[in-house]
Amino acid sequence: MKKNNTHKKFALPKTPTGVEGLDEITEGGLPKGRPTLICGGAGCGKTLLSMQFLIKGILDYKEPGVFMSFEETAPDLVQNVLSLGFDIEKLKNEKKLIIDHVRVERSEIEEAGEYDLDGLFIRLGYAIDTVKAKRVVLDTIESLFSGLDNQAILRAELRRLFSWLKEKGVTAIITGERGEATLTRQGLEEYVSDCVILLDHRVIDQVSTRRMRIVKYRGSTHGTNEYPFLIDKEGISVLPITSLKLNNKVSSEVISTGVPGLDQMFDGKGFYRGSNILISGTAGTAKTTIAAYFADAQCKQKHRVLYFAFEESPQQLIRNMSSIGIDLEQHIKKGYLQIHSARPTLNGLELHLLNLRKLIQEFKPDAVVIDPISNLTSVGNPHEVRSMMVRLIDMLKIHNITVLFTSLSKQYDGRIPDPAEDSVSSLVDTWITVRDMEGIGERNRGIFIIKARGMGHSNEVREFVITNRGIQLLDVEIGPEGILTGAARGKNALNKKISAFKLQSELDRKDREVARKRQVLEASIMSLKNEFASLEEELSILKVTEQLQSGLTVDKKGTNKKAT
């Protein structure tokens, strides 16, 4: 603990930039009271980043600023930044920001010992004192020294400029154009700057990508990778790749898949919240339909869902799902669902990731659907796709957001794995496959679960059908040659009915035969009973007759004796 406190005590003071992601990469911001060099080619965002640094400092940290431009005029700068929603005129009127344009003419510069920056120092110092500025931007330094060819004078004046800025105690940004063999055209600025940030705007396979790298940072650790950044209506945002770590919390809550019958294939009756699910399969196997079922179920539970579609427009997706009884439009109107459609080739992989990150921060969804990720292979190789998916999955896990991916499999038999599926299958928590099951002259659909981390699941391959009432999972039918589907299932059901009918007929016949036998038996028993009763009656008569005869004989004997 003592060591950590000592470290914090002697840590380099930093000024937050207010630029999303950049403070995370620099571990707190730019060096406070020191100059930072931002260099790069034309159109890479140097001026925008510098202006955003000033405006965020005023709005978020109450630090006034001065922007001194040697190229663009103040009205042009105001107009350019207005498109980002920043009201520069208001900040100027409130004495929080000064924008000064300094025109530098080469013909007016003398190198015979007369060229110096005293006039600039006076002008800049006055602006700093007027608004009590804490942040300063000089854009661009090449324009300031465009007339100098003497390297000795150039180096001396550069050092004097940077020293003067340090003495003023302002956190300064100096922008510079990138040189051919050096970071800047002069090749000197990067050596006298305390922090150097390199911006790059590259085009690979007709896809434009902007990247940022911290070249050096005196007195502080920092991220050393290249970081993609996005310029949109809100300014610059950076994706800090290395900050995404496997330290997220997990949930034991189970949420429904939304598909009738599919929940029962999981012992937990669905997915874990915050998990990531892959649904892969060949074309036409209802991957999008299953994804829409999941989104619909979440919205019905009043959870927010962000749906990224790379193949269908929102209107087309809404129409198609309405044909099977899923009303996505009602969820959009209630604010529970947002559908964003774009072709993968519109941006590079990193920009897609940045866009998704910004949308997640704005919409704050509970679940995300990306349909399909296999289209991303058109703008990147399998290694790049996997790298992007790792960062995406980690980012979503940090926020405990459930994500469902779909992926188009070009070949199911596994001999040639699909690049996108192969890139993400080992990363996901749950993997569901939908497949074609060809029968007698027909194609049917089947679904089964390949894996479900931390949850028991069925090993059955279930056939399912899609009707105007939606998806219906059918019971498993096993025949002599395996799983029965479609017509084979119907034929088997008919055979079962016929067999059942024959069995019932045989049972009915046997019942009738038994009934007849019973009647015959009962008749025989009745006849025997009657015969037996007759015999008993005859026997009884004989016994009575015998008794009568025996009594008569006794009487006769008595009479005869008396007569004697």
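Small disclaimer: the values here were computed from a predicted structure and weren't measured.

Along its length, the protein chain carries 16 helices and 24 strands. Looking at the protein chain as a whole, 47% of its 564 residues qualify as buried. In the protein chain, the proportion of contacts linking residues at least 24 apart, taken out of those at least 6 apart, comes to 70%. Element-wise, carbon and sulfur atoms account for 51% of the exposed surface of the protein chain, whose accessible area totals about 29,700 Å².

With that settled, consider the confidence of the model for the protein chain. Atom-level detail of predicted coordinates should not be read off regions where pLDDT is low. Counting all residues, the mean pLDDT for the protein chain is 81, and 80% of those residues have values of 70 or more. In this model, residues 108-113 is a region of pLDDT below 50 whose contacts with residues beyond four sequence positions or in other chains number 10 contacts.

By size, the foremost hydrophobic cluster in this structure holds 39 residues, and its most contacted members are Phe266, Phe271, Tyr307, Leu404, Ile432 and Ile447. For this core, the element with the most residues is helix 10 (residues 287-300), which contributes seven residues.

With that settled, consider the packing of aromatic side chains. Scanning the model with the defined rule gives four aromatic pairs in all. Here Phe121 and Trp164 contribute two aromatic rings whose centre-to-centre distance is 4.9 Å and whose plane-to-plane angle is 5°, an arrangement assigned as stacked. Note that Phe121 is positioned in helix 6 (residues 118-131) and Trp164 in helix 8 (residues 151-168), a separation of 43 residues in sequence. In this structure, Phe121 and Trp164 share a single accessibility class: buried. Between Phe266 and Phe271, the ring centres sit 5.4 Å apart and the planes meet at 80°, which makes this aromatic pair edge-to-face. Both residues of the pair, Phe266 and Phe271, count as buried.

Let us now look at helix 6. Turn by turn, an α-helix covers 3.6 residues, leaving residues three or four places apart pointing in a common direction. Helix length check: helix 6 (14 residues) gives 20 Å between terminal C-alpha atoms against 20 Å at 1.5 Å per residue, within 8%. Within helix 6, burial applies to Leu120, Phe121, Leu124, Gly125, Ala127, Ile128 and Val131. Seen from one end, helix 6 has its buried residues packed into an arc of 160°, which puts them on one side. In helix 6, the exposed positions angled more than 90 degrees off the buried face are occupied by Ile122, Tyr126 and Asp129.

Glancing now at empty space enclosed by the protein. Within this structure, the stated rule accounts for three cavities of 30 Å³ or more. Empty space within the largest cavity amounts to approximately 70 Å³. Residue lining of the largest cavity: Phe308, Phe310, His352, Leu353, Leu356, Ile370, Leu376, Met388 and Leu392, and that is the complete set. Looking at the lining of the largest cavity, the elements with two or more residues in it are helix 13 (349-363) and helix 14 (382-398). Looking at the lining of the largest cavity, the element that brings in the most residues is helix 13, giving three residues.

Right, let's talk about the side chain of Arg273 for a bit. With respect to the helices and strands, Arg273 occurs in the loop between strand 13 (271-272) and strand 14 (276-281). By relative accessible area, which is 9% here, Arg273 ends up buried. Polar side-chain contacts of Arg273 include one of 3.2 Å to the side chain of His303. The contacts of Arg273, once residues within four sequence positions are left out, are Ser251, Glu253, Ile255, Gln298, His303, Asp366, Asn400 and Thr402.

Look at any regular strand and the pattern is simple: side chains alternate between the two faces of the sheet. Of all the six residues making up strand 3 (residues 35-40), six are buried; the element is thus mostly covered by neighbouring parts of the structure. Burial of the side chains of strand 3 extends over both faces: Pro35, Leu37 and Cys39 are buried on one face and Thr36, Ile38 and Gly40 on the other. Relative to strand 7 (residues 171-177), strand 3 is paired through six bridges, and the arrangement is parallel. Looking at strand 7, one finds that Thr36 is bridged to Ile173.

We now examine the side chain of Asp371. As for its placement among the helices and strands, Asp371 is situated in strand 17 (residues 367-371). Buried within the structure, Asp371 lacks any salt-bridge partner; its nearest side chain of opposite charge belongs to Lys287, at an N-O separation of 6.8 Å. Within the local environment of Asp371, its side chain forms a polar contact with the side chain of Thr406, the two groups lying 2.4 Å apart. When residues no more than four places from it in sequence are discounted, the contact partners of Asp371 are Thr288, Tyr307, Phe308, Ala309, Phe310, Glu311 and Thr406.

Applying the stated criterion across every chain, the model contains 15 salt bridges. With a shortest N-O distance of 3.9 Å, Asp194 and Arg218 are connected by a salt bridge. A residue pair is termed long-range when its members are at least 10 positions apart, and Asp194 in the loop between helix 9 (189-192) and strand 8 (195-204) and Arg218 in the loop between strand 9 (207-217) and strand 10 (227-232) qualify at 24 residues. You can call Arg218 partly exposed: its relative accessible area is 35%. Of the charged contacts in the structure, one is a salt bridge between Arg509 and Glu513, with a shortest N-O distance of 3.4 Å. Residue Arg509 and its partner Glu513 are both found in helix 16 (residues 486-563); the two are separated by four residues, about one turn of the helix. It is possible to trace a salt-bridge network through shared partners that takes in Arg34, Lys166, Asp194 and Arg218.

What counts and how
Residues numbered from 1 in each chain as written. Predicted model: local features only at pLDDT ≥ 70, side-chain atom pairs only at ≥ 80, totals over all residues. Heavy atoms only, no water. Helix = DSSP H or I, 4+ residues; strand = E, 2+ residues; numbered from the N terminus. Buried < 20%, exposed > 50% of the residue type's maximum accessible area, 1.4 Å probe, protein only. Contact = heavy atoms within 4.5 Å. Areas by Shrake-Rupley, 256 points an atom, 1.4 Å probe, with all protein chains shown as cover. pLDDT = per-residue confidence, 0-100. Core = buried A, V, L, I, M, F, W, Y, C linked by side-chain atoms within 4.5 Å. Phe/Tyr/Trp six-rings, centres within 6.5 Å; stacked < 30°, edge-to-face > 60°. Expected span 1.5 Å × (residues − 1). Arc of directions from axis to C-beta. 1 Å grid on protein atoms, 1.4 Å probe; cavity = no way out; pocket = protein on both sides within 12 Å on 5 of 7 lines; lining within 4 Å. Points joined across faces, edges and corners; volume = space filled by probe spheres on them. Polar contact = N/O pair within 3.5 Å; in protein donor to acceptor, adjacent residues only side chain to side chain. Pairing = 2+ DSSP bridges. Lys, Arg positive; Asp, Glu negative; His and termini not counted. Salt bridge = Lys/Arg side-chain N within 4 Å of Asp/Glu carboxyl O.

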